[in-house]
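Notes for the structure review
Below, each chain spelled out in residue letters.
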Amino acid sequence: MTWAGEALAAIRKIVLIEERIGSLTDQVKVLADSYVELDRRLLKMEAKFELLETLSGRNRKALPSVSIRKRKSKKAE
């Protein structure tokens, strides 16, 4: 291959790499937007659970299944 052919092949590779980078950049933007939306939804759910705990008058720190196991083991003794 001549030097001109090699230069042309190198330029083609550069153009392809630029196109791929552009495509990946767009994909990352979409993923970032999805992340922000999921984070917002998670925060809303956490706030609802905290409100439910406050309104129920109980401040549970453990999952209900953990408390049930402890109660069953005390009854068995």
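Reference entry: report on the structure contained in this document. (Residues numbered from 1 in each chain as written. Predicted model: local features only at pLDDT ≥ 70, side-chain atom pairs only at ≥ 80, totals over all residues. Heavy atoms only, no water.)

As for the pattern of salt bridges
Inclusion rule: The salt bridge criterion pairs a side-chain nitrogen of Lys or Arg with a carboxyl oxygen of Asp or Glu, the two atoms within 4 Å. Strands are runs of DSSP state E lasting at least 2 residues, helices are runs of H or I lasting at least 4, and numbering of each runs from the N terminus. Partly exposed describes any residue whose relative accessible area lies between the buried limit of under 20% and the exposed limit of over 50%, with all areas from a 1.4 Å probe on protein chains only and scaled to the type maximum.
By the definition in use, this model includes one salt bridge. The partner of arginine 40 in a salt bridge is glutamate 37, and the shortest N-O contact between them spans 2.5 Å. Within this pair, arginine 40 and its partner glutamate 37 are both found in helix α1 (residues 3-56), separated by three residues, close to a single helical turn. Accessibility expressed as a relative area gives 34% for glutamate 37, which makes it partly exposed.

Topic: a negative patch on the surface
This is how the line gets drawn: Surface patches are drawn from residues lacking salt bridges whose relative accessible area is over 30%; two like charges belong together within 9 Å, two nonpolar side chains (Val, Leu, Ile, Met, Phe, Trp, Tyr) within 5 Å. With residues, only the protein chains shown are counted as cover, and all accessible areas are computed by Shrake-Rupley using a 1.4 Å probe. Note that His is not counted, nor are the chain ends; the positive residues are Lys and Arg, and the negative ones are Asp and Glu. For charged residues, the charge sits on one atom: NZ in Lys, CZ in Arg, CG in Asp, CD in Glu.
Taken together, the side chains of Asp39, Glu46, Glu50 and Glu53 present a region of like negative charge at the surface. Within the secondary structure, glutamate 46 is located in helix α1. Judged by relative accessible area, glutamate 46 falls into the partly exposed class, the value being 37%.

Describing a nonpolar patch on the surface
On the surface, Met45, Phe49 and Leu52 cluster together into a nonpolar patch covering about 340 Å² of accessible area. In this fold, leucine 52 is placed in helix α1. Given the relative accessible area of 53%, leucine 52 is considered exposed.

What to know about α1
This is how the line gets drawn: Residue count minus one, scaled by 1.5 Å, sets the expected span of a helix.
A rise of 1.5 Å per residue sets the reference length of α1, with its 54 residues, at 80 Å; its end C-alpha atoms lie 78 Å apart and thus fit the reference within 8%. Where α1 ends, the next residue or the one after it, glycine 57, has phi of about 80 degrees, a positive value.

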